[in-house]
Amino acid sequence: MIVLKASQDKVLAALNAVSGIVERRHTLPILANVLIRKNGGEVEFTTSDLEIQVRTTAQLDGDAGSFGTTVGARKLIDILKSLPSDQTVSLTAAQNKLTLQAGKSRYTLQTLPSEDFPLVQEAADFGPAFSVPQKTLKHLISQVHFAMAVHDIRYYLNGILFVAEGKKLTLVATDGHRLALAEATLEVEMPRQEVILPRKTVLELQRLLKDDAKEAKGDETAPIEMRFAGNQAKFAFSGMEFVTKLVEGKFPDYNRVIPKNHKNHVKVGRAALLSSLQRAAILTSEKFKGVRLNFDPGTLAIASSNAEQEEAREELEIDYNGDAIEIGFNVTYLVDVLANMGQDIVAVALQDANSSALITIPDEDGFKYVVMPMRI
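**Some remarks on the environment of N16**
- Secondary-structure assignment places N16 in helix α1 (residues 8–19).
- The exposure class of N16 is partly exposed, given its relative accessible area of 27%.
- Sequence separation of N16 and L208 is 192 residues, and the distance between their C-alpha atoms is 9.6 Å.
- Residues contacting N16, with those up to four places away along its chain left out, are I77, K81 and R207.

Take a look at the structure:
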């Protein structure tokens, strides 16, 4: 049976959309496979890692009738990538094998039965659906994702807090040393909902969401529909369906972390500050990524050193009339936030050498980044 017949780029696009969550090593071999289900001219591609499930549907030619099988996702993608994009590709199923043909190339792949594929059991109690433009959500994720913890024993930090209330959508990420918050005002009213999305889900959404008008099928505000249950979230966008487990646990009270009354304020060019910090970072030691920032009227000096007694010093002219403050930071935390912003100017609020700094964007209230100082 001819399962599908279409151009290489069309088949590859569908497989790429679902393959991001597929791990190379699995305790269950079938989880390295993609589930392919054919129903007439409609072909459904599904992948799962038991906690996240991604599905997309494509209209592809082939024989009439219904059919299902699973085949190694990475092998299939690697083969397709090596073929010319305008070549017609066909997948034919026979005797527990799939044969891929394109021009004079032919590959025979082993399959596993579709009924053995472990689909994620969807929750029965999903709340009301609400929609957000894909571009808006992708922008919010890009502003906070770098502050998520990685493999922290406080498992609730290994993800992003997602708060929807009224017309406000807030995303918060923290690893205990820094915190990033991004807010957007939406056109629709939403019931109060608060969930923690796992790190892997966040990174996969960031990869899949479109922020370009052409990519989002002619409409850059093409919405993503969201629904939350007690332990699951469900997203639908661009012909895709995405189901994920949520992180259980209590996220820290982020409002208590954000400084309110810092008295020293400075605005500085983002690109110049980022370049200076990246240069100073070269002479920090691998384990101890500390840099010293000296704020004086008119001048910001950035200094770093390492165990080999090498030193770096950078100076920037700044419009600053506050207290003289010498404060240390992990340079990575500063570089991360500046590299993920697109604005020309950033604002920094400081209290003293022992208080956390607040980085914001002038004339844009929706973004806040708090970074703890370090002793140097």
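**Quick look at the confidence of the model for the chain**
- Overall, the prediction assigns the chain a mean pLDDT of 92, with 97% of residues at 70 or greater.
- Low pLDDT, under 50, characterises residues 213–218; the stretch is placed with 7 contacts to residues that sit more than four places away or in other chains.

**Observations regarding the packing of aromatic side chains**
- Scanning all chains against the criterion turns up 6 aromatic pairs.
- A centroid spacing of 5.8 Å and a plane angle of 50° characterise the contact between F146 and Y369, whose relative ring orientation is tilted. A residue pair is termed long-range when its members are at least 10 positions apart, and F146 in the loop between α3 (134–144) and β10 (159–174) and Y369 in strand β22 (residues 364–371) qualify at 223 residues.
- By relative accessible area, F146 is classed as buried at 11%.

**A closer look at unusual backbone geometry**
- Even without a glycine there, the phi angle at Q95 is positive, about 50°.
- Looking at where Q95 falls in the secondary structure, it is placed in the loop between β6 (88–94) and β7 (97–102).
- Overall, Q95 belongs to the exposed group, its relative accessible area being 76%.
- Positive phi values are uncommon outside glycine, yet Q309 reaches one of about 65°.
- Within the fold, Q309 resides in the loop between β17 (299–305) and β18 (311–317).

**Considerations on the pairing of strand β11 (residues 178–198)**
- Sheet topology note: the β10/β11 ladder contains 14 bridges and is antiparallel. Bridging from a neighbouring strand, A164 pairs with Q193 of β11.
- Turn length for the β10-β11 hairpin, with the two strands adjacent in sequence and antiparallel, is 3 residues, and the turn residue G176 shows positive phi of about 95°.
- Alignment of β11 against β22, held across 5 bridges, turns out to be antiparallel. Bridged to A180 within β22 is Y369.

**Quick look at the side chain of T99**
- One can find T99 in strand β7.
- For T99, the contacting residues outside a window of four places in its chain are S90, L91, T92, R106, Y107 and T108.

**Digging into the sheet that holds strand β21 (residues 357–361)**
- The antiparallel open sheet is built from 6 strands, whose spatial order is β10-β11-β22-β21-β20-β15. Single-partner strands in this sheet number two, and they are β10 and β15 (264–269). This sheet shows a mean twist of 25° between the axes of neighbouring strands, independent of strand direction.
- For β15 and strand β20 (residues 345–350), the ladder comprises 6 bridges, and the chain directions are antiparallel. Bridge assignment links N264 to a residue of β20, and that residue is L350.
- Contacts from α3 reach β10, β11, β21 and β22 within the one sheet, and its direction differs from that of β11 by about 160°.
- Most of the contacts of helix α4 (residues 199–208) go to β11, to which it runs at about 65°, and overall it touches β10 and β11.

Calculation notes
Residues numbered from 1 in each chain as written. Predicted model: local features only at pLDDT ≥ 70, side-chain atom pairs only at ≥ 80, totals over all residues. Heavy atoms only, no water. Helix = DSSP H or I, 4+ residues; strand = E, 2+ residues; numbered from the N terminus. Buried < 20%, exposed > 50% of the residue type's maximum accessible area, 1.4 Å probe, protein only. Contact = heavy atoms within 4.5 Å. pLDDT = per-residue confidence, 0-100. Phe/Tyr/Trp six-rings, centres within 6.5 Å; stacked < 30°, edge-to-face > 60°. Pairing = 2+ DSSP bridges. Axes fitted to C-alpha atoms, helices over the stretch in contact; angles between N-to-C directions.

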